[in-house]
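# An overview of the molecular structure
Below, each chain spelled out in residue letters.
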Amino acid sequence: MRWRETTSRSPDERTAPAAVTRFDFGENWSRFSDRALDGTRVAQARADFAALMRHAGVELANRSFLDIGFGQGLGLLSAAALGARAIGCDIDPKCAQVLERNRRHFPELAGRTVPVEIGSILDAALLARLRVQSPGENGYDVVHSWGVLHHTGSMWQALDHAAGLVAPDGVLIVALYNRHWSSPLWKTIKRTYCASPAPVRRAMIAALYPVIAAAKAAVTRRNPFATDRGMDFYHDVVDWVGGYPYEVASPDEVSARLARRHFALRWQAAATVPTGCNEQVFVRRR
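## Some words on the side chain of Asn-28
Residue placement: Asn-28 occurs in helix H2 (residues 25-35). For Asn-28, a relative accessible area of 6% puts it in the buried group. When near neighbours in sequence (up to four residues on either side) are disregarded, Asn-28 contacts Phe-23, His-235, Val-238 and Asp-239.

Here is the structure:
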């Protein structure tokens, strides 16, 4: 596997929150992969990813697939294992290292290259590199960005950039945080977490962990520690409390934005908790 890192920054990236307040997603993914990821979680991640592709109406074999913000790599590797010509990008170089370690859970990919690029989806230089690597001038058959674009610092522009990489008749799959009355409060909590020293961050996790568990149990009426996509509740809490930058949108807002770019909604699932992610699949019309 190879990856490149870019140091150029677009005007939009320069207006995003300063690096000191950005959550270290790569470090959290690294700890999750080292401490919590096992064969059972990988099997669940594969099954949930395959189910998402069925909802999307996508057969991945021999299709081009771009994963924007691949994180720990389970989605990207699952796509490659299903036969896609897969490529990923992420802002954090640590994620490329985590993905490389997690390849051990995908033995069928031994000897196969899964290229990744390092940089922000807001960065024009990264967009240019991704377009060069698409199978043609028209873009990718499938662009997937799961719980990522709302952390860029410029969500709507990030969504526009992602949409611009989808080929005609291609599919855009996104999960974005739902707009809720408590969203401004959570934004303050996340910003405070990222600006605080390590002892304060640990105290915030300790204080909010039981609150989040209780709230999830009350809303979903299921075991709060049961997670989807191979995730782990503790590292999900760290991600949730610290995940800054942070923006939100209603499903209708996302649909309206993409309709102006000639995308039609194919499938959606509402967030299971009010502040969670709405899942949406769009098709680009010719």
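## A short note on the sheet that holds strand E7 (residues 277-284)
If you trace the 7 strands from one edge of the open sheet to the other, you get E3-E2-E1-E4-E5-E7-E6, paired in mixed fashion. Where the open sheet ends on each side, the last strands, each with one partner, are strand E3 (116-118) and strand E6 (263-269). On average, each strand axis in the sheet is inclined to that of its neighbour by 15 degrees, with strand direction left out of account. Direction of pairing for strand E5 (residues 166-177) relative to E7: antiparallel, over a ladder of 7 bridges. The residue of E7 that forms the bridge with Val-171 is Val-283. Most of the contacts of helix H4 (residues 74-81) go to strand E1 (residues 64-68), to which it runs at about 175 degrees, and overall it touches E1, strand E2 (85-90) and E3.

## Things to note about the pattern of salt bridges
One pass over the structure, following the stated rule, counts 11 salt bridges. For Lys-94, the salt bridge identified is with Glu-27, shortest N-O distance 3.6 Å. Taken together, the positions of Lys-94 in helix H5 (residues 93-102) and Glu-27 in helix H2 put the pair 67 residues apart, joining distant regions of the chain. Glu-27 gets classed as partly exposed once you look at its relative accessible area, which sits at 27%. Note that Arg-179 is salt-bridged to Glu-253, the shortest N-O span being 3.2 Å. Highlighted residues: Arg-179 in the loop between E5 and helix H8 (183-195) and Glu-253 in helix H11 (residues 251-259), separated in sequence by 74 residues. According to the relative accessible area criterion, Glu-253 is partly exposed, its value standing at 31%. Here the salt bridges share partners, and the residues they tie into one network are Asp-24, Glu-27, Arg-31 and Lys-94.

## With respect to the pairing of strand E4 (residues 140-146)
Summarising burial for E4: 7 of the 7 residues are buried, a large majority. Taken together, the 3 bridges between E1 and E4 define a ladder with parallel strand orientation. Note on E4: the bridge partner recorded for Leu-66 is Val-143. Of the pairings in the sheet, the one linking E4 to E5 comprises 6 bridges and is parallel in character.

## Here's the deal with the packing of helix H3 (residues 39-56) against H4
At a minimum axis separation of 10 Å, H3 and H4 run at an interaxial angle of 65 degrees. The pairing of H3 with H4 is recorded here as roughly perpendicular in orientation. As H3 runs across H4, the sense of the crossing is right-handed. Counted together, Val-42, Ala-45, Arg-46 and Phe-49 of H3 and Leu-74, Gly-75, Ser-78, Ala-79 and Ala-81 of H4 form the full contact between these two elements. The residue inventory of the contact of H3 with H4, partitioned by class, reads 6 nonpolar, 2 polar and 1 charged.

Conventions adopted
Residues numbered from 1 in each chain as written. Predicted model: local features only at pLDDT ≥ 70, side-chain atom pairs only at ≥ 80, totals over all residues. Heavy atoms only, no water. Helix = DSSP H or I, 4+ residues; strand = E, 2+ residues; numbered from the N terminus. Buried < 20%, exposed > 50% of the residue type's maximum accessible area, 1.4 Å probe, protein only. Contact = heavy atoms within 4.5 Å. Pairing = 2+ DSSP bridges. Axes fitted to C-alpha atoms, helices over the stretch in contact; angles between N-to-C directions. Salt bridge = Lys/Arg side-chain N within 4 Å of Asp/Glu carboxyl O. Parallel < 35°, antiparallel > 145°, perpendicular 65-115°, else oblique. Left-handed = near helix turned anticlockwise from the far one by under 90°. Nonpolar A, V, L, I, M, F, W, Y, C, P; charged D, E, K, R; others polar.

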